[in-house]
Amino acid sequence: MAILLGEILQSLELWLKLIKNPQPQPYVNPNLDPVLLVPGVGGSMLHAVDETDGSHERVWVRFLNAEYTLKTKLWSRYDPSTGKTESMDPNSTIIVPEDRHGLHAIDILDPDLMFGSDSVYYFHDMIVEMRKWGFEEGKTLFGFGYDFRQSNRLKETMDRLAAKLESIYNAAGGKKINIITHSMGGLLVKCFMCLQSDIFEKYVKNWVAICAPFQGAPGTIYSTFLNGMSFVEGWEQNFYISKWSMHQLLIECPSIYELMGCPNSHWQHIPVLELWRERRDSDGKSHIVLESYPPCDSIEVLKQALLNNTVNYNGVDLPLPFNLEILKWANKTWEILSSAKLPSQVKFYNIYGTSLDTPHSVCFGSGDKPVTDLQQLCYFQAKYVCVDGDGTVPIESAKADGLNAEARVGVPGEHQRILREPHVFRLLKHWLKAGEPDPFYNPVNDYVILPTAFEMERHKEKGVEVASLKEEWEIISKVQDDQSCTADKVCSISVSQEGANQSYSEAHATVIVHPNNEGKQHVQLNALAVSVDAS
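- Looking at an unreviewed UniProt entry, one finds the protein named Lecithin-cholesterol acyltransferase-like 4 isoform A and attributed to Glycine soja.

Structure representation (structure tokens):
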């Protein structure tokens, strides 16, 4: 049945491509510097190429037939001799489609969906917005998808990125490139900056990292190793891939081990793996205790929990334990990342998500139901100790870039949906100089100070100088600090100063803030200064 639905879906895909009208370019600005978009884990469309007949099949992401395709085409085994994870299907090679100059693979990950879904709309909204600013696909706007199962420092990926940067540089007539990364894409670009620093410095102008786990995402990854991960949340996950199938895929992916974070990270609050366990004292009495394992000690727990984990492929049970060879590779990756240095000619900007409970530490079991067998951990529901972040990456990790940043800006938003936040768009437009500069825009706090009136008078008579100032402006922000306040706010300030030869000066100012609707505040300043020159 699944295969028949797959054939119907392929026919539907072809039909949809035929009837879709190409979207016209609304506006093109040839003076813009080129931009390269780099996604995070799971953010690139993947195709399986059949070695026997050369046919292509989209295996990530699919709405129908997703589970079957994942198990047959994407389930993988790690090869420690190359550092690469290879699909179990010997007749399939996984590639990233390069349509639309790399943008197709990172735009809408499952373009079959006629009803639309936030979960598969990756860079789509940002691409649409940037086209409005005048960016043109293939001239000033490009994408770099990659096989997210692999290590962030895999030589094959590094070489592809180097070639991509060179081709963009040439296509843009020798203009340096702005790179915008999301999530794990920040680690990939940081690895590239370390391993191919000359090429990075030659071709890159600015790098904007969004929600990058610069110190890892240990809370999320602990539960991923033990319980799996949902590609989408809510009712839609029933139509995509089960958490357990994702678990069996990710357990052999170096990129996931690299998201555990650097074992030598200097956390303000150390993330831990906690277990409620039953222990007996020297008298044989039973006690329920809460055990906490910091990152290095948690490895032994993961080893024991996944000791007998297997995957059934083509009717054969294959061992799939916690992979210590991948862990060694990942630790080397973090050594490389820890040595990263930003070239002096490249500007770096960091946008991190805030205002959401974000897993930091994870706990299994309870005082009433302790963990008695580590290999049963996979059947326990994870309980999180949360901190502030974007729901996936804690603020502390996202801000730990270790680079000389031009700005670090927190934006309230969820890890993936932040890519369609208006504040993020305004920041990018400001930093990329896409459009006329707005001298009144404060990008960090996301408000505009717009002068509306200015009057100044000054006169001097018999040693007395009088100056008066009247100024008005509007502060425009997305959300007012106090939506419930409708009364004017008044502030008065007075200063005085005695100078030499009995000279004297004083000034008085009154500021009135009138709250309006739609996030606007009208501000009036009235000031009077008097100076007496006794000489």
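Here the narrative resumes.
**Quick look at the packing of helix α4 (residues 155-171) against helix α5 (residues 185-195)**
If you want to describe how two helices pack, look at the angle between their axes and the distance between the axes.
Item 1. At a minimum axis distance of 10 Å, the contact between α4 and α5 shows a crossing angle of 85 degrees. The angle between α4 and α5 falls in the class roughly perpendicular. In this structure, α4 uses T157, M158, L161, A162 and L165 to contact α5, whose residues at the interface are L188, C191, F192 and L195.
Item 2. Here the residues of the contact of α4 with α5 are counted per class, giving 8 nonpolar, 1 polar and no charged.

**Quick word on the nonpolar core**
Item 1. Ranked by internal contacts, the top residues of the largest apolar core, which has 123 residues, are L37, M126, M130, I180, W207, I210 and F364.
Item 2. Not counting chain neighbours up to four residues away, the residues in contact with M130 comprise V35, L37, F135, L141, I180 and L432.

**Observations concerning the environment of Y257**
Item 1. Take Y257: it is sitting in helix α9 (residues 254-258).
Item 2. Sequence separation between Y257 and Y222 is 35 residues; the distance between their C-alpha atoms is 9.9 Å.
Item 3. When neighbours within four sequence positions are excluded, Y257 is seen to be in contact with F225, L250, I251, P321, F322, N323, I326, L327 and A330.

**Topic: the pattern of salt bridges**
Item 1. Across all of its chains, the model carries 22 salt bridges by this definition.
Item 2. K84 is the partner of E156 in a salt bridge, and the nearest nitrogen-oxygen pair spans 2.8 Å. One end of the pair, E156, is in helix α4; the other, K84, is in strand β5 (residues 84-87), and 72 residues separate them in sequence.
Item 3. Its relative accessible area of 46% is what places E156 among the partly exposed residues.
Item 4. Linking R280 and E278 is a salt bridge whose minimum nitrogen-to-oxygen distance equals 4.0 Å.
Item 5. The exposure class of R280 is exposed, given its relative accessible area of 59%.
Item 6. The exposure class of E278 is partly exposed, given its relative accessible area of 37%.
Item 7. Overlapping salt bridges, with partners in common, bring together R100, D107, R131 and E137 in one network.

**Quick word on the side chain of Q248**
Item 1. Tracing the sequence through the fold places Q248 in helix α8 (residues 243-250).
Item 2. Taking relative accessible area as the criterion, Q248 reaches 4% and is therefore assigned buried.
Item 3. In terms of polar contacts, Q248 uses its side chain to reach the side chain of H247, at 2.9 Å.
Item 4. Ignoring sequence-local partners within four residues, the contact set of Q248 consists of W75, N309, T310, V311 and L320.

**Concerning helix α11 (residues 324-338)**
For an α-helix, the turn length of 3.6 residues means that residues three or four places apart are oriented alike.
Item 1. With 15 residues, α11 should reach 21 Å at 1.5 Å per residue; the first-to-last C-alpha distance of 21 Å fits that figure.
Item 2. Along α11, the positions that sit buried rather than exposed are I326, L327, W329, A330, T333, W334, I336 and L337.
Item 3. On its buried face, α11 sits against β4 (76-79), α5, α9 and α10 (295-305).
Item 4. For α11, the capping residue at the N-terminal end is N323, with a side-chain oxygen 3.0 Å from the backbone nitrogen of E325.

**Looking at the sheet that holds strand β3 (residues 56-60)**
Item 1. Taken together, the 3 strands give an open sheet; going across it, the order is β3-β2-β6, and neighbouring strands pair in antiparallel fashion. Where the open sheet ends on each side, the last strands, each with one partner, are β3 and β6 (92-95). Strand-to-strand, the axes of this sheet are offset by a mean angle of 35 degrees, without reference to chain direction.
Item 2. Where strand β2 (residues 46-50) meets β3, 4 bridges bridge the pair, whose relative direction is antiparallel. Across the sheet, L46 pairs through a bridge with W60, a residue of β3.
Item 3. Packed on one face of the sheet, helix α2 (residues 66-74) meets β2, β3 and β6 and runs near 105 degrees to β3.

**Looking at the state of the cysteines**
Item 1. Scanning the entire structure with this criterion turns up 0 disulfides.
Item 2. The thiol sulfur of C296 is not disulfide-bonded, and the nearest other cysteine sulfur, from C262, lies at 9.0 Å.

**Quick look at the pairing of β2**
Item 1. Burial of β2 is extensive: 4 of the 5 residues sit out of reach of the surface.
Item 2. What sits between β2 and β3 in their antiparallel hairpin is a turn of 5 residues, with G54 showing a positive phi close to 75 degrees.
Item 3. The sheet contact formed by β2 and β6 spans 4 bridges and is antiparallel. Each residue of the ladder has a partner; that of D50, found in β6, is S92.

**Structural notes on the packing of aromatic side chains**
Item 1. One pass over the structure, following the stated rule, counts 12 aromatic pairs.
Item 2. Ring geometry for Y122 versus F123: centroids 5.2 Å apart, planes at 65 degrees, classification edge-to-face.
Item 3. A residue is classified by how much of its surface remains accessible, and Y122, at 5% relative accessible area, is buried.
Item 4. Geometrically, the ring pair formed by F225 and Y257 is edge-to-face, given 4.8 Å between the ring centres and 65 degrees between the ring planes. With F225 in helix α7 (residues 218-227) and Y257 in helix α9, the pair connects residues that are 32 residues apart, well separated along the chain. Of the two residues, F225 and Y257, both sit in the buried class.
Item 5. An aromatic cluster is present here, built from F200, W207, F214 and F348 joined pairwise through their rings.
Item 6. Above the plane of the ring of W329 lies R153, whose end atom (NZ or CZ) is 3.7 Å from the centre.

**Points about the sheet that holds strand β1 (residues 35-38)**
Two orientations exist for strands paired in a sheet by backbone hydrogen bonds: parallel and antiparallel.
Item 1. The 6 strands lie next to each other as β7-β1-β8-β9-β14-β17, forming an open sheet whose pairing is parallel. What marks the edges here is a single partner per strand, and that holds for β7 (141-143) and β17 (407-412). Between one strand and the next, the sheet's axes are offset by a mean angle of 20 degrees, whatever the strand orientation.
Item 2. Both strand β8 (residues 177-182) and strand β9 (residues 204-210) contribute to a ladder of 6 bridges, which runs parallel. Bridging from a neighbouring strand, T181 pairs with A209 of β9.
Item 3. Along the sheet, helix α3 (residues 124-133) makes contact with β1, β7, β8 and β9, crossing β1 at roughly 170 degrees.

Parameters at a glance
Residues numbered from 1 in each chain as written. Predicted model: local features only at pLDDT ≥ 70, side-chain atom pairs only at ≥ 80, totals over all residues. Heavy atoms only, no water. Axes fitted to C-alpha atoms, helices over the stretch in contact; angles between N-to-C directions. Helix = DSSP H or I, 4+ residues; strand = E, 2+ residues; numbered from the N terminus. Parallel < 35°, antiparallel > 145°, perpendicular 65-115°, else oblique. Contact = heavy atoms within 4.5 Å. Nonpolar A, V, L, I, M, F, W, Y, C, P; charged D, E, K, R; others polar. Core = buried A, V, L, I, M, F, W, Y, C linked by side-chain atoms within 4.5 Å. Buried < 20%, exposed > 50% of the residue type's maximum accessible area, 1.4 Å probe, protein only. Salt bridge = Lys/Arg side-chain N within 4 Å of Asp/Glu carboxyl O. Polar contact = N/O pair within 3.5 Å; in protein donor to acceptor, adjacent residues only side chain to side chain. Expected span 1.5 Å × (residues − 1). Pairing = 2+ DSSP bridges. Disulfide = S-S within 2.5 Å. Phe/Tyr/Trp six-rings, centres within 6.5 Å; stacked < 30°, edge-to-face > 60°. Lys NZ or Arg CZ within 6 Å of the ring centre and 35° of its normal.

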